[in-house]
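# Structural description and commentary
One letter stands for each residue in the lines below.
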Amino acid sequence: MNRPGAVVIVGESIAGLTAARELRRRGYAGSLTMIGREPEGAYARPPLSKEVLREATYEAHLAYPHADLDLAYIRSAAVGLDASSRIVSTADGRFVPYDALLIATGADARRLARTAQAGELVLRTLADARLIRRRIERARSAIVVGAGFLGLEVASACVAQGVEVTVVDSEPPLLRHLGPFVSERVGAHLTRHGVRLIQAAEHVHLVGDPVTGVALSDGSTQSADLVITCAGDVPAVAWLSGTGLADSVGVAIDERCSTSIPGVYAAGDVAYLIPGTGERASRAPFWSNAVAQGKVAAASILGEPRPHPPRDDYFWTEILGLPVKVVGPLPVNGDPTSIEGDVDAGDAVLRWESPGANPTVVAYGRKVPVGRLRRALVRAAP
Ligand SMILES: Cc1cc2nc3c(=O)[nH]c(=O)nc-3n(C[C@H](O)[C@H](O)[C@H](O)COP(=O)(O)OP(=O)(O)OC[C@H]3O[C@@H](n4cnc5c(N)ncnc54)[C@H](O)[C@@H]3O)c2cc1C
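Residues numbered from 1 in each chain as written. Predicted model: local features only at pLDDT ≥ 70, side-chain atom pairs only at ≥ 80, totals over all residues. Heavy atoms only, no water.

### Section: the environment of Tyr64
Heads up, the condition is: Where helices and strands are cited, they refer to DSSP runs of H or I of at least four residues and of E of at least two residues respectively, numbered from the N terminus. N or O atoms within 3.5 Å of each other form a polar contact, as long as, within protein, one can give a hydrogen and the other can take it, and as long as residues adjacent in sequence are counted only when both atoms are side-chain atoms.
Tracing the sequence through the fold places Tyr64 in the loop between helix H2 (46-52) and strand S3 (72-75). Between the alpha carbons of Tyr64 and Ser156 there is a distance of 26 Å; along the sequence they are 92 residues apart. Within the structure, the side chain of Tyr64 is placed 2.8 Å from the side chain of Trp287, a separation counted as a polar contact.

Given below as C-alpha cells:
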C-alpha cells in the first residue's frame, strides 16, 4: 500500500473533516494539516438557517468534534497552488508542502450586488447568520431574493420572529428542484402563513446603497427593512487559478474523487462528478454528498478501494413547520408517480419513478426516519 507522507486538506468543514476522520480510521498515522479561513473552525452549516437565525444559544451546538484526530491547523486562506512542486501557499505567507492534497473549499454565496454596492446580506457562514439574526431582531419587514430551499428557510425564520416577508424569484418556490406538484403546495403553505410571493418576469436587481430593496423588470420597486439574497452559491476556487483544476462549475472529479492532477483530490460543494455522455455538469451541494465524497477521497488518498459511490442524494429542509426530506436525484421530472397519505394536510410520501432513471422519494410533512426513506427508495428502484 502506497501511503502519502503528508496530507493537506484545504477547507475546514464537513467534507474536509470527514476525510480527515476517515484517514485516521483507516490507520493513516502520518502528518495531516487542515488549512481553513474561518476563525470558528469546522462547524455545521445546515442549522444556520434553521436554528441559528432564531436562537443565539444554538451556536453552542454547531462545532464538529476533531480533538481526537491529531491535526495540524493553519487558519489562513489558501491563496495559491503550485501543483508541480506540490505546495499550497496561504494568505499569511506560508508555503505548505504535501504528498496528497484534498480540495474541500466548498462554496461561497452568490451575490447580486453591483461592485461597491454596500449592504447585501447573504447566508453562508456563521458570521453571516449572526449578522442576519441581529438585523431580524430590529426589522419589521424583509425581502428574500430566491425561493429555493435556503430562501424559504430564511423566510421561515423571519416569519417565526414576526417579520413580514416577501419572497421574490423568477420561478415559483422550489420548482427547479421538486417540480410543479410540490411547488404549488409549498406556495400555498407559504401564503397561508402570510408570506407574500412575487414571481418576477426576470432576474431582479438590488437597489439602494446600502441595499434597501429590489427592482423588478416591470419597473416597480419593493423595499423592506431587510433584504437577504439567497440566490445559490459559487464554488470557492479562486485560489486554484492557473492550475487548470477549476472551471465555472467547480473542480471536476472522477468516481474516486481524483482530479486531473495526480495526488490532488476534491470533495464536497466545490466538486462535481465528470458527467456521462449527454449529461450536464453540475454540483450537488448537499451535506450528505460532502460526507460521502470526504470518505471516498480518504480511501483514494490511501490507494484503497472506495467504500461506496461518491454521491449520496439525501437532503432535508423545513419550511414554516413543514419538514421535507428528499432521497434520490434532483430535479424530479413532472408530477409524482405515486402518493401515499394526504399532501394537503402535510402528511405524505411522494415518489417519482421513470423507466431507466433512479427514483426519488420525498417525505412531505410526514416525519419519516431517513433510513426508512432510503429503504423505500431501494424498493422503488427499477
Ligand atoms: C445556511 C445553509 C443551510 C444549509 N442547509 C442544508 C440542509 O438542510 N441540508 C443539506 O443537505 N445541506 C444544507 N446546506 C448545504 C451544506 O451545508 C453543504 O453542502 C456543506 O456544508 C458542504 O460542505 P463542504 O465541506 O463541501 O463545504 P463548506 O461547508 O462550504 O466548507 C468549506 C470551507 O472551506 C473554507 N474555504 C473556502 N475557500 C478557502 C480557502 N481559499 N482557504 C481556506 N479555506 C477556504 C470555507 O470558509 C469553509 O469553511 C446548507 C448550507 C447553508 C449555507
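### Let's talk about the pattern of salt bridges
Worth spelling out the cut-off: Just to be clear on terms, a salt bridge is a Lys or Arg side-chain nitrogen sitting within 4 Å of an Asp or Glu carboxyl oxygen. Working definition: with a 1.4 Å probe on protein chains only, accessible area under 20% of the residue-type maximum means buried, over 50% means exposed, and in between means partly exposed.
One pass over the structure, following the stated rule, counts 26 salt bridges. A salt bridge links Arg130 to Glu40, with the shortest nitrogen-to-oxygen separation between them at 3.4 Å. With a gap of 90 residues between them, Arg130 in helix H3 (residues 126-138) and Glu40 in the loop between strand S2 (31-36) and H2 connect regions that are remote in the sequence. Ionic pairing is found between Arg124 and Asp269, a salt bridge with its closest N-O pair at 2.9 Å. On the criterion of sequence distance, the pair formed by Arg124 in the loop between strand S9 (121-122) and H3 and Asp269 in the loop between strand S19 (264-266) and strand S20 (271-273) is long-range, its members being 145 residues apart. Grouping residues by exposure puts Arg124 and Asp269 together as buried. Residues participating in the shared-partner salt-bridge network are Arg3, Glu22, Arg25, Arg26 and Glu304.

### Regarding the site of the ligand
Stated precisely, the cut-off is as follows: By convention in this text, a residue qualifies as near a molecule or strand provided that one of its non-hydrogen atoms is within 4 Å of it.
Lining the immediate surroundings of the ligand are 34 residues, of which Ser13, Glu38, Arg45, Lys50 and Arg124 lie closest. At 2.6 Å from an oxygen atom of the ligand is found a side-chain nitrogen or oxygen belonging to Glu38. A distance of 2.5 Å separates an oxygen atom of the ligand from a polar side-chain atom of Lys50. Elements that contribute at least two residues to the shell around the ligand include exactly helix H1 (14-25), S2, H2, helix H6 (287-301) and strand S21 (314-319). Take the shell around the ligand: its biggest share by element is four residues, from H2.

### Concerning the packing of aromatic side chains
Stated formally: Aromatic pairing here means that ring centres of Phe, Tyr or Trp (its six-membered ring) are within 6.5 Å. Orientation follows from the plane angle: under 30 degrees is stacked, over 60 is edge-to-face, and everything else is tilted. Criterion for a charge above a ring: Lys NZ or Arg CZ within 6 Å of the ring centre, and within 35 degrees of the ring normal.
The tally for this structure, following the rule as stated, stands at five aromatic pairs. Each ring, one from Phe149 and one from Phe315, has its centre 4.3 Å from the other, and the planes form 45°; the classification is tilted. Of this pair, Phe149 sits in helix H4 (residues 149-160) while Phe315 sits in strand S21, and the two are 166 residues apart along the sequence. For the pair shown, Phe149 and Phe315 are each scored as buried. Ring geometry for Tyr314 and Trp316: centres 5.6 Å apart, planes at 25°, overall stacked. Owing to a relative accessible area of 10%, Tyr314 belongs among the buried residues under this scheme. Every member of this aromatic cluster is reached through a ring pair, and the members are Phe149, Phe286, Trp287, Tyr314, Phe315 and Trp316. The ring of Tyr73 is capped by Arg75, whose NZ or CZ atom sits 5.2 Å from the centre of that ring.

### Things to note about the domain arrangement of the chain
Cut-off, in case you're wondering: Marked domain ranges trace back to an automatic or database domain assignment.
Partitioning the chain into structural domains gives domain 1 (6-108 + 233-301), domain 2 (111-229) and domain 3 (321-380). Centre-to-centre, using C-alpha coordinates, domain 1 lies 30 Å away from domain 3.

### Topic: the nonpolar core
Rule in force here: In this description, a nonpolar core means a group of buried Ala, Val, Leu, Ile, Met, Phe, Trp, Tyr and Cys residues linked to one another through side-chain atoms lying within 4.5 Å. By definition, residues are in contact when any of their heavy atoms lie within 4.5 Å.
By size, the foremost hydrophobic cluster in this structure holds 53 residues, and its most contacted members are Ile9, Leu81, Val88, Leu101, Leu102 and Ile103. Beyond its immediate stretch of four places on either side in the chain, Leu101 contacts Val8, Val10, Leu81, Val88, Gly263, Val264 and Tyr265. Counting residues in hydrophobic clusters, the runner-up holds 49 residues, among them Ala142, Val182, Val332 and Ala348.

### Observations concerning the sheet that holds strand S24 (residues 347-352)
Applicable threshold: A pair of strands counts as paired when DSSP detects no fewer than two bridges linking them. Here an angle of 0 to 180 degrees is reported between the N-to-C directions of two axes, which are lines fitted to C-alpha atoms, with helices fitted over the stretch in contact.
Spatial ordering of the open sheet is given by S21-S22-S25-S24-S23, a layout of five strands whose pairing is antiparallel. The open sheet has two free edges, formed respectively by S21 and strand S23 (338-342), since each of these has just one partner strand. Along the sheet, successive strands turn relative to each other by an average axial angle of 10°, direction set aside. The sheet contact formed by S21 and strand S22 (residues 322-327) spans six bridges and is antiparallel. Its bridge partner being in S22, Ile319 is matched across the sheet by Leu322.

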